[in-house]
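Next come the chains, spelled out residue by residue.
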Amino acid sequence: MQKHLGKEFRRGNANFRVQKELREWLANPTENLQVAVGDNIRVWVVTLTGAKGTIFAGEKYKLKFTFPMDYPSKPPSVYFLQPPPRHEHVYTNGDICLNLLGRDWRPNMTASMLALSILSMLSSAREKKIPQDNHVHADNPPGKEQANWLYHDDRC
C-alpha cells in the first residue's frame, strides 16, 4: 500500500483523487471496514465485518471497488465478491441495489462513504433474504454501470 501513497499525482490526474481518499481512509479508519489495495491503486478490496447486534454480526464479506478514469464524476463500480450476504438489496452475483452507486452519486462522495452506507444497509436488515428480482441480475457479471436501474426503494 505504501507504494501507492508514496507516488505523486498531480491534480487532474485520475489517480490523484483516489490516492487522496486512500490516505484519508487509512488516517481515519472506520470500525468494521478495512481496505486493501494491490498493484492497481484504482482497485480496492474492502473487508466488511457485520456490526455487533445485527443479523450479520461478525460475518465477513469483501467488496470490490473499481474506480473509473472519470472518477469522481462517475461512481466507482462496487459489488460483493463471492459469497455475497443474503440481503434484500444484494443480488446473488454480488451486485448491490443502492442508488448511491447510480443516479444519486455525487462527486463530493467518497469510497469510504459508500462502504459505510453499505455497512449501514446490512446493519438495518431484519432478515436474510435475496431480492425479489434476483432472477433478473443473478446471471449478469457484477459491477456494471447502474445508470438505468430501478431501485428497490422506488417500489419496483
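Our subject is the structure that appears above.
The model shown is predicted, which means the values in this text are computed figures rather than measured ones.

Here we come to the pattern of salt bridges. Counting across every chain of the model gives five salt bridges. Taking the shortest distance from any N to any O, the salt bridge between Glu127 and Lys129 comes out at 3.6 Å. The exposure class assigned to Lys129 is partly exposed, which follows from its relative accessible area of 34%. One salt-bridge network, in which partners are shared between bridges, spans Glu88, Glu127 and Lys129.

Further remarks concern the nonpolar core. By size, the foremost hydrophobic cluster in this structure holds 35 residues, and its most contacted members are Trp44, Leu63, Phe65, Ile96 and Ile118. Those elements that place two or more of their residues in this core are α2 (14-27), β1 (33-37), β2 (43-49), β3 (60-66), β4 (77-80) and α3 (111-123). When near neighbours in sequence (up to four residues on either side) are disregarded, Leu63 contacts Trp44, Val45, Val46, Leu48, Val78, Tyr79, Phe80, Ile96 and Ile118.

Positionally, Trp105 belongs in the loop between β4 and α3. Trp105 sits in the buried class, given a relative accessible area of 6%. In the structure, Trp105 is positioned 20 residues away from Pro85 in sequence and 23 Å away in space, judged by C-alpha atoms. Within the structure, the side chain of Trp105 is placed 2.8 Å from the backbone oxygen of Pro72, a separation counted as a polar contact.

So, on to the sheet that holds β3. Strands sit in the order β1-β2-β3-β4 across an open sheet of four strands; the sheet is antiparallel. Unpaired on one side and paired on the other, β1 and β4 mark the two borders of the sheet. Here the average twist between neighbouring strands, direction ignored, is 25°. In the sheet, β3 pairs with β4 via four bridges, with the strands oriented antiparallel. Along β4, the bridge assignment pairs Phe65 with Val78. Along the sheet, α3 makes contact with β1, β2, β3 and β4, crossing β2 at roughly 30°.

Turning our attention to the environment of Ala111. Within the fold, Ala111 resides in helix α3. Once the C-alpha coordinates of Ala111 and Phe65 are considered, the two residues, 46 residues apart in sequence, prove to be 7.9 Å apart. Setting aside residues no more than four positions away along its own chain, Ala111 makes contact with Glu21, Trp25, Trp44, Phe65, Phe67 and Tyr71.

What follows is about the pairing of β2. Taken across its seven residues, β2 has five buried, putting it largely inside the fold. Of the pairings in the sheet, the one linking β2 to β3 comprises seven bridges and is antiparallel in character. Bridge assignment links Val46 to a residue of β3, and that residue is Leu63.

Analysis parameters
- Residues numbered from 1 in each chain as written.
- Predicted model: local features only at pLDDT ≥ 70, side-chain atom pairs only at ≥ 80, totals over all residues.
- Heavy atoms only, no water.
- Salt bridge = Lys/Arg side-chain N within 4 Å of Asp/Glu carboxyl O.
- Buried < 20%, exposed > 50% of the residue type's maximum accessible area, 1.4 Å probe, protein only.
- Core = buried A, V, L, I, M, F, W, Y, C linked by side-chain atoms within 4.5 Å.
- Helix = DSSP H or I, 4+ residues; strand = E, 2+ residues; numbered from the N terminus.
- Contact = heavy atoms within 4.5 Å.
- Polar contact = N/O pair within 3.5 Å; in protein donor to acceptor, adjacent residues only side chain to side chain.
- Pairing = 2+ DSSP bridges.
- Axes fitted to C-alpha atoms, helices over the stretch in contact; angles between N-to-C directions.

Purely spatial values, then, with no claim about function.
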